[in-house]
Amino acid sequence: MIEYDLALDEPRKDDKHAYIEGFTFIYDKKASDEIGQFVKIDYVQSQGLKLINQSQTLAYAQQLKNAIT
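Residue numbers restart at each chain and count upward from 1, following the sequence in its written direction. Per-residue local features of the predicted model are confined to residues with pLDDT of at least 70, and side-chain atom pairs are confined, for both listing and counting, to 80 or more; whole-chain, interface and lining totals are unaffected and use all residues. To obtain the side-chain values, all non-hydrogen atoms of the structure were included, while hydrogens and water were left out.

Trainee: Whenever I open this one, the overall build of the chain confuses me. Can you help?
Mentor: Helix and strand content of the chain: one helix and seven strands. Elements are defined by DSSP. Helices are runs of H or I of four residues or more, strands are runs of E of two residues or more, and each kind is numbered from the N terminus. Element order for the chain, N to C, with α for helix and β for strand: β-β-β-α-β-β-β-β. Scaling as 2.2 N^0.38, a compact globule of 69 residues should have a C-alpha radius of gyration of about 11 Å, and the chain matches this with 12 Å. Here the C-alpha coordinates of the chain stretch approximately 35 × 30 × 25 Å along the principal axes. Relative accessibility thresholds used throughout: buried, under 20% of the residue-type maximum; exposed, over 50%; partly exposed, between the two (1.4 Å probe, protein chains only). For the chain, the proportion of its 69 residues judged to be buried stands at 19%. We call two residues in contact when some of their heavy atoms are within 4.5 Å. Put simply, of all contacts in the chain between residues at least 6 apart along the chain, 35% involve residues at least 24 apart. We take the radius of gyration over the C-alpha atoms and set the globule estimate at 2.2 Å times the residue count to the 0.38 power.

See the structure below:
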């Protein structure tokens, strides 16, 4: 089972970045391989934050975590 999280974090050496509408998204190769070229972050009041790729819902009821220590 793969677990997905949304977190505030600092980039690591091999991370990739995407700048979208004023936000910086940081991800690693493993996330890119698992998710593919498209991910949508959506909010549904009854389900919270959802991560969706082109073929399926990856995760729902997500909360933003703070990974910065």
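Resuming the write-up.
Trainee: How do you make sense of the pairing of strand E5 (residues 48-52) when you look at a structure like this?
Mentor: Along any regular strand, the residues point their side chains to alternate faces of the sheet. In terms of residue burial, E5 counts as a mostly covered element, since four of its five residues are buried. Strand pairing is defined by DSSP finding a minimum of two bridges between the two strands. The sheet contact formed by strand E4 (residues 40-44) and E5 spans five bridges and is antiparallel. In the sheet register, Asp42 faces E5, and the bridge partner there is Lys50. The antiparallel hairpin formed by E4 and E5 contains three residues in its connecting segment. Between E5 and strand E6 (residues 57-62), which follow one another and run antiparallel, lie four residues.

Trainee: I tried to follow unusual backbone geometry on my own but got confused; where do I start?
Mentor: It is generally the case that most residues other than glycine have a negative phi and that most peptide bonds are trans. Positioned with a positive phi, Glu21 is a non-glycine residue whose angle comes to about 45°. Looking at the secondary structure, you find Glu21 in the loop between strand E2 (16-20) and strand E3 (23-27). On the basis of relative accessibility, which here comes to 78%, the residue Glu21 falls in the exposed class.

Trainee: How do you make sense of the confidence of the model for the chain when you look at a structure like this?
Mentor: Reading fine detail from the predicted coordinates is not recommended where pLDDT is low. Taken as a whole, the chain shows an average pLDDT of 83; of its residues, 96% reach a score of 70 or greater. Each residue carries a pLDDT score, the predictor's own confidence in it, on a scale running from 0 to 100. The least confident element of the chain, judged by mean pLDDT, is E6 at 75; the most confident is E2 at 89.

Trainee: Honestly, the nonpolar core in this entry has me stumped. Any pointers?
Mentor: Take the buried residues of types Ala, Val, Leu, Ile, Met, Phe, Trp, Tyr and Cys, join any two whose side-chain atoms come within 4.5 Å, and each joined set is a nonpolar core. Residues Tyr4, Leu6, Ile35, Leu51, Leu58 and Ala59 constitute the largest nonpolar core, which totals six residues. Leave out the neighbours within four places in its chain, and Leu58 touches Tyr4, Ile35, Leu51, Ile52 and Asn53.

Trainee: What should I look at first to understand the pairing of E2 in this one?
Mentor: Strand direction decides the pairing type here: E2 and E3, joined by five bridges, are antiparallel. Residue pairing for E3: Tyr19 is matched across the bridge by Thr24. Connecting the antiparallel pair E2 and E3 is a turn made up of two residues, with Glu21 showing a positive phi of about 45°.

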